[in-house]
Every structure is written in C-alpha cells, then in structure tokens.
Amino acid sequence: MRMLTIRGTENKVPLGKIMALGRNYLDHIRELNNPVPDSAVIFCKPPTSVLGEGEQIEIPAYSNDCHHELELALLIGREGKNIPQESASEYIAGYAVALDLTLRDLQDELKSKGLPWELAKGFDGSCPLSDFVSASAVKNPDNLALSLHINGELRQQGNTNQMMRSVAAIISVVSRYFTLQPGDVILTGTPAGVGPLHSGDQLVANIEQVGTLKVSVK
C-alpha cells in the first residue's frame, strides 16, 4: 500500500481513492473543443495510478498520444459527506503537485462511443504526485501559480484563480457523491497548454507555495 507524506512532519497516511475534476478551466475546455459542462465532471483513478517523485512514466503500448495535465491535488484529512462550502477547508490536510496523464487517442475513442474515460485516465502511473505540504502552508489555494516545463521548455502555465469551481466548491460537490475519508486525494483540473509526451522527456511541475514534482518518461 502506498503511503502519502506531508513534508516537514512525521505524518503518513495510506492512499485512499483518487477523484478528479474534469473541465474546470475554461481555456482548457476551449483548447479541446469540449462543451462547457452544466455540472461537475468527476472521474476516478485507482491507487495504482500514483507515481512518486523521480519515478518514470511508462506510456502504454496501446496509445500513441499520452498528454500531460498539470493539477493542484488536495489531501483529505477527515471523513465527511455532503460537506458545505463554508466548512470545506476544515477537511483539507494538505496540497500537492499532480499530473493527470491522459491517453488522448483512447479518450477520444471512448468519448465518441459514449463510454467512461477510466481506461484513458487510470492506467498504471497515470497520476504522478509530489509529497504534500500541510494545508496551513498555503495561504489561498484559489490563487496559486502553476507551471510545467518539459526539457526546459515552458509547456503549461496558469493560476488556480482561473478554476470554474473553487477548492471549497470542488470538495463540496465531490462529497455529494463520495464519502470523503482520510487519505483520499482530489485533483482539481488543468489549465490550458496540455500536449503530448515522448520517451526521454524530463518534466518539472511547480505550484506556488506547494512545491515541485520531477518525473521523466521512460
């Protein structure tokens, strides 16, 4: 079982379920020519999707178009259901830098058939994740600069203030459908600039006040 670490503490918690919000940045919706959703788009990744700092991404042989998606990750610290927005911050134990890797060719095929996305989103190693920082280390999660460099070139850049749903709103809506438990992780969506990965790529993802995640492609 993979354990999640909060930097600067001895706190370790077993990884729970991973829930992700799709289409939460308007510019990203536009770059993929997707419709703006009327309600939150939520999907899940299995625990085997998590990849740690310094590990290698392995693109499955059945895909020729694996995309990077830089995201702020939330770590849940206490159990809750139907959480109101005004108390959502009480359930956050920490924040991390995450990548939601997506097999875009497979996802497009699944979408065209009206099928779920999990095969394109949940493959082994599809969720590189940094260690977490304590929630108290982040002043305002809804105003954090994000950037992703690949081989030294800036590929993605944005700010969480561009999210269509705030961190509190995300926790509230996800908790309507899933009971949140300690060790659960929520991915909050990606800004514009997603694109393909290739063998040998070196990725450096950074989120202000949260930290840096470095991984490579096998």
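Residues numbered from 1 in each chain as written. Predicted model: local features only at pLDDT ≥ 70, side-chain atom pairs only at ≥ 80, totals over all residues. Heavy atoms only, no water.

J.: For this particular structure, what's the right way to read unusual backbone geometry?
T.: Leaving glycine out, the prevailing phi sign among residues is negative, and the prevailing peptide bond configuration is trans. Its identity is not glycine, yet Arg23 carries a phi of approximately 55 degrees, on the positive side. Tracing the sequence through the fold places Arg23 in the loop between strand S3 (18-22) and helix H1 (26-31). Phi is positive for Asn82, close to 50 degrees, though the residue is something other than glycine. (Helix = DSSP H or I, 4+ residues; strand = E, 2+ residues; numbered from the N terminus.)

J.: I'm lost on the nonpolar core in this one. Help?
T.: Across soluble globular proteins, you tend to see nonpolar side chains buried next to one another. Counting residues in hydrophobic clusters, the biggest one holds 47 residues, and the most contacted among them are Tyr95, Leu99, Ile171, Ile186, Leu203 and Val210. Mapped onto this core, the elements with two or more residues apiece are S3, strand S8 (70-76), strand S9 (92-99), helix H2 (104-112), strand S13 (145-150), helix H4 (167-177), strand S17 (202-207) and strand S18 (211-217). Looking at this core element by element, the count peaks at five residues for H4. If near-sequence neighbours (up to four positions away) are discounted, Ile186 is found in contact with Met19, Leu72, Ala73, Leu74, Ile76, Ile170, Ile171, Val174 and Leu180. (Core = buried A, V, L, I, M, F, W, Y, C linked by side-chain atoms within 4.5 Å. Buried < 20%, exposed > 50% of the residue type's maximum accessible area, 1.4 Å probe, protein only. Contact = heavy atoms within 4.5 Å.)

J.: What's the story with H4 in this structure? I'm lost.
T.: Structural remark: α-helix, 3.6 residues per turn; residues separated by three or four positions point the same way. Counted residue by residue, H4 has eight buried out of 11 residues, so it is predominantly covered. Within the sequence span of H4, burial applies to Val167, Ala169, Ile170, Ile171, Ser172, Val173, Val174 and Ser175. Among the structural elements, S3, strand S4 (41-45), S8, S9 and strand S15 (185-187) are those in contact with the buried residues of H4.

J.: I tried to follow H2 on my own but got confused; where do I start?
T.: Along H2, the positions that sit buried rather than exposed are Arg104, Leu106, Gln107 and Leu110. Summarising the axial view, the buried residues of H2 lie within an arc of 160 degrees, below the 170-degree limit, and thus occupy one face. Looking one or two residues beyond H2, the residue adopting positive phi is Gly114, at roughly 70 degrees. (Arc of directions from axis to C-beta.)

J.: Honestly, the packing of aromatic side chains in this entry has me stumped. Any pointers?
T.: By convention here, two paired aromatic rings are described through the distance between centres and the angle between planes. Evaluated as defined, the whole model comprises one aromatic pair. Between the aromatic rings of Phe43 and Trp117, the centroid separation amounts to 5.7 Å while the plane-to-plane angle is 50 degrees, which identifies the pairing as tilted. Of the two residues, Phe43 is situated in strand S4 and Trp117 in the loop between H2 and helix H3 (118-121); the sequence distance between them amounts to 74 residues. The pair formed by Phe43 and Trp117 is uniform in burial state, with each residue classed as buried. Directly above the aromatic system of Tyr91 lies the positively charged group of Arg78, at a separation of 4.3 Å from the ring centroid. (Phe/Tyr/Trp six-rings, centres within 6.5 Å; stacked < 30°, edge-to-face > 60°. Lys NZ or Arg CZ within 6 Å of the ring centre and 35° of its normal.)

J.: When you look at the environment of Phe178 in this model, what are you seeing that I'm missing?
T.: Along the chain, Phe178 falls in the loop between H4 and S15. Along the sequence, Phe178 and Asn82 sit 96 residues apart, while their C-alpha atoms lie 8.6 Å from each other. In this structure, Phe178 is in contact with Lys17, Met19, Ile42, Cys44, Gly80 and Lys81, ignoring residues within four places of it in sequence.

J.: Would you explain the pattern of salt bridges in this entry?
T.: For side chains bearing opposite charge, pairing can occur when the charged atoms are close. This model, assessed by the stated rule, comprises 10 salt bridges. Note that Asp184 and Lys17 form a salt bridge whose closest N and O atoms lie 2.7 Å from each other. With Asp184 in the loop between H4 and S15 and Lys17 in the loop between strand S2 (12-14) and S3, this residue pair connects regions lying 167 residues apart in the sequence. On the basis of relative accessibility, which here comes to 2%, the residue Asp184 falls in the buried class. By relative accessible area, which is 25% here, Lys17 ends up partly exposed. Between Lys121 and Glu69 there is a salt bridge, with its nearest N and O atoms 3.3 Å apart. Of this pair, Lys121 sits in helix H3 while Glu69 sits in the loop between strand S7 (66-68) and S8; the two residues are 52 residues apart in sequence, bridging distant segments of the chain. Overall, the relative accessible area of 3% leaves Lys121 in the buried class. Three or more residues are tied together by salt bridges with common partners; here these are Lys45, Glu69, Asp100, Arg104 and Lys121. (Salt bridge = Lys/Arg side-chain N within 4 Å of Asp/Glu carboxyl O.)

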